[in-house]
Amino acid sequence: MRLISIAAIVSAAALAQDRAVIQTSAILDGKGGTLKNQQIVVEGGRIRSIGPGGGKADYDLRGLTVMPGWIDTHIHLNWHMDANHKSIAGGGKPEDAALYTEADAWMTLQGGFTTVQSVGAAIDGPVRDRINEGVLPGPRVLTSLIQIQGAGGGRGQQHQWTVDELREMVRKNKADGADVIKLFATSGLGAGGNQSMTDDQIQAVCGEAKAVGLRSVVHAIGDAGARAAVLAGCTSIEHGTFLKDETLDMMVQRGTYFDPNLLVLHNYLDNRASFTFTEQALKTLEDGLAPTADVLRRARARQVKLIFGTDAVAGSHGRNAEEFVYRVKDAGEKPMDAIISATSLSAESLGLGKEIGTVAAGFQADLVAVEGDPLADITAVRRVRFVMKAGKVFRNAR
Ligand SMILES: [Zn+2]
């Protein structure tokens, strides 16, 4: 599928305006560098050059801070609010699901995110494909299409999947067009986060994913499930609320990415009326905030490869950038670290490190520009004024 996705990206780029010159006063390049007073020349959807320039520009972004288009490595593109502002997470009428999924994609792109990983639902596939064809507006979408659990079968007949069944599930997921494999190594936060797949099951899924050339991202709240996933060579740990220091150290040694998510907890609490939480569940979510900030701090101190994901559910699409604010304010991240996390490092984690996530010649022309300086005031990420994806402008609101 990777070949097909890249071909589609190229065809979308061909639709974009062939050449554009962008005048900037401040660029954060996504790798930790800052560039002043540069012109970016975009051609055929890619950054052709960056230099002092001097000629006439098509877009004047002076006074804004320009960054690589942001990347969110964990969203649920199809989860949305209905007309009564109640959360719908799958189900509903198919035509509603399709339209809401596309609406979420549009809002996410307008919010400055030019690439997302949805983990994931079947409807993501056609939405991804229409976006890649350039006929619907949205971020570049990578999706798992399904979520793999240790047991299933439906109608209450909880069958523990065998290792062979799980491997077959991964191969079918790949054949169906998945860009990534999503699995649940533990239960949810509310249920305690205990390991919910055996070590053998986790090894089967992540091992088969690797064998067919896909990455594997693992929902893991508690330490035991996360540790099993790290040992199984899975690509990334999502949430990781209760990871122990030893597991974080193991992730550094093995190059496992870590994707903690703060926005999702705040979003549930802020929009509690839209969900069906009991008082007990709300307390659990509230109690999850401090350990999430704490594990982020401990991971940062150990130089774990921290990527940027929001676990965006209903109510979060379009305001994914709030994760930056929570990271800096709740977890004490340096703004530059959070920006590198959401750009070059997340790109690397998706296997797209040479394509996106950096403002440099040769990369896809994915740019976001905000009013103000996010290094001085992280809330600048809320003031998105310009969004370009693969050379095509999707927002220009100065
Ligand atoms: Zn999620």
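Residues numbered from 1 in each chain as written. Predicted model: local features only at pLDDT ≥ 70, side-chain atom pairs only at ≥ 80, totals over all residues.

## Here's the deal with the overall build of the protein
- Across its full length, the protein carries eleven helices and 20 strands.
- Over its C-alpha atoms the protein spans a radius of gyration of 20 Å, differing by no more than 12% from the 21 Å that the globule rule assigns to 398 residues.
- The principal-axis extents of the C-alpha atoms in the protein amount to approximately 65 × 45 × 40 Å.
- Taking all 398 residues of the protein together, 52% fall into the buried category. (Helix = DSSP H or I, 4+ residues; strand = E, 2+ residues; numbered from the N terminus. Rg over C-alpha atoms; globule rule 2.2 N^0.38 Å. Buried ≥ 20, exposed ≤ 12 C-beta atoms within 10 Å, placed from the backbone.)

## A closer look at the sheet that holds strand S16 (residues 257-259)
- Spatial ordering of the open sheet is given by S13-S14-S15-S16-S17, a layout of five strands whose pairing is parallel. Here the strands that pair on one side only, and so sit at the sheet edges, are strand S13 (180-184) and strand S17 (305-306).
- Where S13 and strand S14 (residues 215-220) come together, five bridges link them in parallel fashion. Its bridge partner being in S14, Ile181 is matched across the sheet by Ser216.
- Along the sheet, helix H5 (residues 199-211) makes contact with S13 and S14, crossing S14 at roughly 155 degrees. (Pairing = 2+ DSSP bridges. Contact = placed C-beta atoms within 7 Å. Axes fitted to C-alpha atoms, helices over the stretch in contact; angles between N-to-C directions.)

## Looking at the domain arrangement of the protein
- For the protein, the assigned domains are domain 1 (2-68 + 358-396) and domain 2 (70-349).
- For domain 1 versus domain 2, the distance between C-alpha centres works out to 27 Å.
- Facing 26 residues of domain 1, the contacting portion of domain 2 comprises 23 residues.
- A total of six residues in the side of domain 1 that touches domain 2 trace back to one element, the largest contributor, which is helix H1 (residues 2-15).
- Split by residue class, the side of domain 1 that touches domain 2 holds 15 nonpolar, six polar and five charged. (Domains from an automatic or database assignment. Nonpolar A, V, L, I, M, F, W, Y, C, P; charged D, E, K, R; others polar.)

## With respect to the nonpolar core
- Among the nonpolar cores identified, the biggest contains 111 residues, and Ile181, Ala185, Val205, Ala229 and Val368 are the most heavily contacted of them.
- Element by element, the count of residues in this core is highest for helix H11 (residues 335-349), at six residues.
- Each of domain 1 (2-68 + 358-396) and domain 2 (70-349) contributes no fewer than three residues to this core. (Core = buried A, V, L, I, M, F, W, Y, C linked by C-beta atoms within 7 Å.)

## Here we look at the sheet that holds strand S9 (residues 113-118)
- Strand order across the open sheet formed by three strands is S6-S9-S10, with parallel pairing between neighbours. In this open sheet, the two strands that pair with only one neighbour each are strand S6 (70-75) and strand S10 (140-143). Across the sheet, the mean angle separating the axes of adjacent strands is 15 degrees when strand polarity is ignored.
- One ladder, built from four bridges, connects S9 with S10; its direction is parallel. Opposite Gln117, over in S10, you have Leu142 as the bridge partner.

## Describing H5
- Taking 1.5 Å of rise per residue, 13 residues should cover 18 Å, and H5 covers 18 Å from first to last C-alpha, within 8% of that figure.
- Looking at the packing, one finds that the buried side of H5 touches helix H4 (163-175), S13, S14 and helix H6 (223-231).
- Gly213 occupies a position one or two residues after H5 and carries a positive phi of about 85 degrees. (Expected span 1.5 Å × (residues − 1).)

## Considering the pairing of strand S5 (residues 59-68)
- Note: strand S1 (residues 19-28) against S5, five bridges, orientation parallel. Bridging across to S5, Thr24 finds its partner in Leu61.
- Looking at chain direction, S5 and strand S18 (residues 367-371) are connected through five bridges and run antiparallel. Bridging from a neighbouring strand, Met67 pairs with Val368 of S18.

## Some details on the packing of helix H8 (residues 263-270) against helix H9 (residues 279-301)
- Contact geometry of H8 with H9 gives a least axis separation of 9 Å together with a crossing angle of 150 degrees. Compared by their axis directions, H8 and H9 come out roughly antiparallel. H9 is crossed by H8, and the crossing has left-handed handedness. Along its contact with H8, which presents Leu265, Tyr268 and Leu269, the element H9 presents Leu282, Leu285, Glu286, Gly288, Leu289 and Thr292.
- Grouping the constituent residues of the contact of H8 with H9 by class yields six nonpolar, two polar and one charged. (Parallel < 35°, antiparallel > 145°, perpendicular 65-115°, else oblique. Left-handed = near helix turned anticlockwise from the far one by under 90°.)

## Thoughts on H9
- Helix length check: H9, at 23 residues, gives a terminal C-alpha distance of 34 Å against a target of 33 Å (1.5 Å per residue), a fit within 8%.
- The largest bend in H9 comes to about 25 degrees, at Leu289, with the proline Pro291 one to four residues further on.
- Where H9 is concerned, the buried positions are Gly288, Thr292, Ala293, Val295, Leu296, Ala299 and Arg300.
- The elements touched by buried residues of H9 are helix H7 (245-254), S16, H8, S17, helix H10 (322-331) and H11.
- Positive backbone phi, at 65 degrees, marks Gln303, one or two positions downstream of H9. (Bend = angle between axes of the 7 residues up to and from the residue.)

## Comments concerning the environment of Gly63
- Mapping Gly63 onto the fold places it in strand S5.
- Judged by C-beta crowding, with 13 C-beta atoms within 10 Å, Gly63 ranks as partly exposed.
- Separated by 332 residues in the primary sequence, Gly63 and Arg395 have C-alpha atoms spaced 16 Å apart.

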